[in-house]
Amino acid sequence: MTRRFCLTMMLAMLSLAAPSLSIVGTAVAQDSFTLTSPAIKDGGMLPADLKCTRDGGDGVTPPLAWDGVPYDTKSLALIMHHYPRGRVVGVDAPSQYWLLWNIPPETRTLPRGNPASIGEEGADKDERSTGYTPPCSPPGSLHEYTITLYALSAPLDTLPLHDNPDVDWSAMTKAMDGKIMAASHISFQN
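Residues numbered from 1 in each chain as written. Predicted model: local features only at pLDDT ≥ 70, side-chain atom pairs only at ≥ 80, totals over all residues. Heavy atoms only, no water.

With that settled, consider the overall build of the protein. What the protein contains, in helices and strands, is two helices and eight strands. Buried residues in the protein amount to 48% of all 190 residues. Restricting the contact set of the protein to residue pairs at least 6 apart, pairs at least 24 apart contribute 75%. As presented, the protein carries roughly 8,900 Å² of accessible surface, and 55% of it is formed by carbon and sulfur atoms. (Helix = DSSP H or I, 4+ residues; strand = E, 2+ residues; numbered from the N terminus. Buried < 20%, exposed > 50% of the residue type's maximum accessible area, 1.4 Å probe, protein only. Contact = heavy atoms within 4.5 Å. Areas by Shrake-Rupley, 256 points an atom, 1.4 Å probe, with all protein chains shown as cover.)

See the structure below:
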């Protein structure tokens, strides 16, 4: 499958998962907008050091890099999620593991652990705090996780200008409605 086809399908899935979410223009599947990680191979396994502490990892965010950000991007946003057994794409919200918005458009990397706290963070997976939740799949099971980076035509001005546990997947996708210029993703298993 081509990257363009995969991006188009991913954006179609997102629009099914959040039916009210709309995308700006026709630049949604640009081959040049690419999200990568020096630690995670797209479709591969999560490295041991990035797993949750229960599984021997340090539980920090993976390092990410991207290029080909569309001209006129005003802000970037990132969502990491997975659909647990029993949840249906297009019907149910996924489990959210990382919600990050207000990433400056000139940013091209998020180092491991995001030590500079770039962007604002929403609710963790359990919606008790803000920040990243490391994957911690039950022993013997394998889950697929997806990290998606969005190029936006405007900042997410309906969301707070600070980390906030009240921002969940639904609030974030609603705030992005009509502002997505392009998206790129990587997936991994744990």
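On we go.
This part takes up the confidence of the model for the protein. Looking at the protein as a whole, the pLDDT averages 86, with 84% of positions reaching at least 70. The least confident element of the protein, judged by mean pLDDT, is helix H1 (residues 3-17) at 42; the most confident is strand S2 (residues 64-67) at 98. Long-range and interchain partners of residues 1-20, a stretch whose pLDDT sits below 50, account for 38 contacts in this model, where long-range means more than four residues apart. (pLDDT = per-residue confidence, 0-100.)

Attention now goes to the packing of aromatic side chains. All chains considered together, the criterion is met by three aromatic pairs. Ring geometry for tyrosine 97 against tyrosine 145: centres 5.1 Å apart, planes inclined by 85°, an arrangement best described as edge-to-face. With tyrosine 97 in strand S4 (residues 95-103) and tyrosine 145 in strand S7 (residues 144-152), this residue pair connects regions lying 48 residues apart in the sequence. Like tyrosine 97, the residue tyrosine 145 is buried in the burial classification. Both rings, one in tryptophan 98 and one in tyrosine 132, keep their centres 5.3 Å apart while their planes meet at 80°; by these two values the pair is edge-to-face. Highlighted residues: tryptophan 98 in strand S4 and tyrosine 132 in the loop between strand S6 (120-121) and S7, separated in sequence by 34 residues. Classification of tyrosine 132 as buried rests on a relative accessible area of 15%. Three or more aromatic residues joined by ring pairs form one cluster here, namely Tyr97, Tyr145 and Phe188. (Phe/Tyr/Trp six-rings, centres within 6.5 Å; stacked < 30°, edge-to-face > 60°.)

Looking at the element boundaries, lysine 41 is found in the loop between strand S1 (34-36) and S2. Residues lysine 41 and isoleucine 186 lie 145 residues apart in sequence; the distance between their C-alpha atoms is 8.0 Å.

Okay, the state of the cysteines next. Tallied over the full model, the rule gives one disulfide. With a sulfur-sulfur separation of 1.9 Å, cysteine 52 is cross-linked through a disulfide to cysteine 136. The sign of the S-S torsion, about 55°, decides the handedness of the disulfide formed by cysteine 52 and cysteine 136: right-handed. Taken together, the residues cysteine 52 in the loop between S1 and S2 and cysteine 136 in the loop between S6 and S7 connect sequence positions 84 residues apart. Note on cysteine 52: relative accessible area 5%, which makes it buried. (Disulfide = S-S within 2.5 Å.)

In this section: the environment of aspartate 49. Relative to the assigned elements, aspartate 49 resides in the loop between S1 and S2. The partly exposed category is assigned to aspartate 49, whose relative accessible area is 40%. When the C-alpha positions of aspartate 49 and glycine 59 are compared, they lie 7.6 Å apart, and in sequence the two are ten residues distant. Residues contacting aspartate 49, with those up to four places away along its chain left out, are Gly57, Asp58, Gly59 and Arg112. A distance of 3.1 Å separates a polar atom in the side chain of aspartate 49 from a polar atom in the side chain of arginine 112. (Polar contact = N/O pair within 3.5 Å; in protein donor to acceptor, adjacent residues only side chain to side chain.)

Attention now moves to the sheet that holds strand S5 (residues 109-110). In sheet architecture, strand pairing relies on hydrogen bonds along the backbone and comes in two forms, parallel and antiparallel. Strand order in the open sheet formed by three strands is S1-S2-S5, with antiparallel pairing between adjacent strands. Both edges of this open sheet fall to S1 and S5, since each of them pairs with a single strand only. Summarising the sheet, S1 and S2 pair through three bridges and their orientation is antiparallel. For threonine 34, the partnering residue across the bridge sits in S2 and is aspartate 67. (Pairing = 2+ DSSP bridges.)

Let us now look at the pairing of S4. Judged by how many residues are buried, S4 sits mostly within the fold: nine of nine residues are covered. Here strand S3 (residues 75-82) pairs with S4 via six bridges, running antiparallel. Considered in S4, the bridge of histidine 82 is made with serine 95. The sheet contact formed by S4 and S6 spans two bridges and is antiparallel. Among the inter-strand pairings, leucine 100 is bridged to a residue of S6, identified as glutamate 121.

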